[in-house]
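Survey of secondary and tertiary structure
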Amino acid sequence: MINIGVIGYGYWGPNLVRNFAEVEGVTMAAVADLDQKKLDVVKRRYPAARVTTRFQELLEDPSIDAIAVATPVSTHFDLGMAALKAGKHLWLEKPMTETVEQGSQLVAAARERNLVLLVDHTFVYTGAVRRMAEVIKKGDLGQVYYYDSVRVNLGLFQRDVTVISDLAVHDFAILDYLLGEHPVAVSASGINHFPGTPENLAFITLFYESGMIAHCNVSWLAPVKVRQILIGGSKQMIVYDDLEPSEKVKIYDKGVSFTDDPAKIQELRVGYRTGDMLAPKLSGAEALRVEGEHFVDCIRNRKRPETDGEFGVRVVELIEAATASMRGRGETVYVRRDANDRRQARAPRRRYDRGVPPVAGVK
Ligand SMILES: NC(=O)c1ccc[n+]([C@@H]2O[C@H](COP(=O)([O-])OP(=O)(O)OC[C@H]3O[C@@H](n4cnc5c(N)ncnc54)[C@H](O)[C@@H]3O)[C@@H](O)[C@H]2O)c1
């Protein structure tokens, strides 16, 4: 049996505890939270689990093999490092850390100790994203031209992270998993409409060496919830609507072709192709359950998680780059590709005080 302890039982922690409790070969051994009322709920739901307000108790317990951290992002580095130093395998919530530097230190600490480090990028474990990855990797889409995502709704306003860190993080993870290509540059604009709060709306463009372009529109200030991604390829195109109860993914056999025929030089040399639409059957398994089983498999068989520490660091790198660009009013930020590349993202400045600038002539 693998004994797991969870730190943080706020909004997301209960989902982790519920799923770990159902994974075969796992004992949901203990939960730590600063709030005793939340621990009382744990005790009612899982009478066999130990509860404590001191996370250190979980780290000191030699029977606990792995720790899952589901606390605010600002605490991930300290809690994660403490867990690794105590010899525990680590499940860390997204985004793994506030900075690339912190994420890299956790990756090194896990590697030194031969411990598994998984970053919870839940979307990667959904039936929809896994199916899209299969389609893209098989080459059915042809050359991928673009990825266009809208991820908006009303709230939940966060106090400590921007909408990029809260919502675009999902697109950065999905893009990494689907394409296996890291962008070379990022340009983003965004705003905080309420002085003293993090940016609540952002438009991010990611540029890739292959010619692919990605755009993410993320917002906590939309009247309706939208979770839609379009992926256009030279052969086929995908529409992924995560709010669809079934048929979340639709693959359209549509595209365009251009002819080089000199005889047709005077014509517009574009042909449009419209074929069938396919809505593939997707796995209905809960992503966190799939991910929990994968974590345990990685611990038992010393495998590398699909969303390992390096994956998590690449995502944090894009959050840093997009945040720096947004605070530079859309300036292009080049993303580091190797240790010798000096075009690094500037560290984001914490400036949540701008608010909406007054419109000239309007009182
Ligand atoms: N994978 C996903 O799709 C997903 C979804 C939502 C949130 N998250 C992530 O989960 C993490 C937590 O988010 P949330 O919305 O649940 O936050 P939350 O504020 O609702 O809950 C955090 C909990 O951690 C507890 N906590 C804080 N410091 C602690 C400490 N030192 N020891 C013990 N407990 C401590 C708090 O008391 C609180 O109950 C964040 O990193 C967030 O990004 C991931």
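Here is a short report on the structure shown in this document. (Residues numbered from 1 in each chain as written. Predicted model: local features only at pLDDT ≥ 70, side-chain atom pairs only at ≥ 80, totals over all residues. Heavy atoms only, no water.)

**A few points about the pattern of salt bridges**
If you walk through the whole model with that rule in mind, you get 22 salt bridges. Arg18 is the partner of Glu286 in a salt bridge, and the nearest nitrogen-oxygen pair spans 3.0 Å. Of this pair, Glu286 sits in the loop between strand 14 (270–278) and helix 8 (287–301) while Arg18 is found in helix 1 (residues 13–22), placing the two residues 268 residues apart along the sequence. On the basis of relative accessible area, Glu286 is assigned to the partly exposed category, the value being 36%. Judged by relative accessible area, Arg18 falls into the partly exposed class, the value being 30%. The salt bridge involving Arg111 is made with Glu310; its shortest N-O contact spans 2.7 Å. Separated by 199 residues along the polypeptide, Arg111 in helix 5 (residues 100–112) and Glu310 in helix 9 (residues 309–327) bring together distant segments of the chain. Glu310 gets classed as partly exposed once you look at its relative accessible area, which sits at 25%. (Salt bridge = Lys/Arg side-chain N within 4 Å of Asp/Glu carboxyl O. Helix = DSSP H or I, 4+ residues; strand = E, 2+ residues; numbered from the N terminus. Buried < 20%, exposed > 50% of the residue type's maximum accessible area, 1.4 Å probe, protein only.)

**A look at the site of the ligand**
Around the ligand, the surrounding shell holds 20 residues, and the nearest of these are Trp12, Asp33, Lys38, Lys94 and Thr122. The contact in question runs from an oxygen atom of the ligand to an N or O atom on the side chain of His76, over 3.0 Å. Between the ligand and Thr122, the relevant distance is 2.8 Å, taken from a nitrogen atom to a side-chain nitrogen or oxygen of the residue. Class assignment of the residues belonging to the shell around the ligand gives a composition of nine nonpolar, six polar and five charged. (Near = heavy atom within 4 Å. Polar contact = N/O pair within 3.5 Å; in protein donor to acceptor, adjacent residues only side chain to side chain. Nonpolar A, V, L, I, M, F, W, Y, C, P; charged D, E, K, R; others polar.)

**Comments concerning the nonpolar core**
Ranked by size, the top nonpolar core spans 77 residues in total, and within it Phe20, Phe172, Ile204 and Ile231 carry the most contacts. Ranked by the residues each element gives to this core, the list is headed by helix 7 (residues 163–179), at 11 residues. If near-sequence neighbours (up to four positions away) are discounted, Phe172 is found in contact with Ile164, Ile204, Leu206, Cys216, Val315, Leu318, Ile319 and Ala322. Leu58, Met81, Leu90 and Val119 belong to the second-largest nonpolar core, a separate cluster that totals 27 residues. (Core = buried A, V, L, I, M, F, W, Y, C linked by side-chain atoms within 4.5 Å. Contact = heavy atoms within 4.5 Å.)

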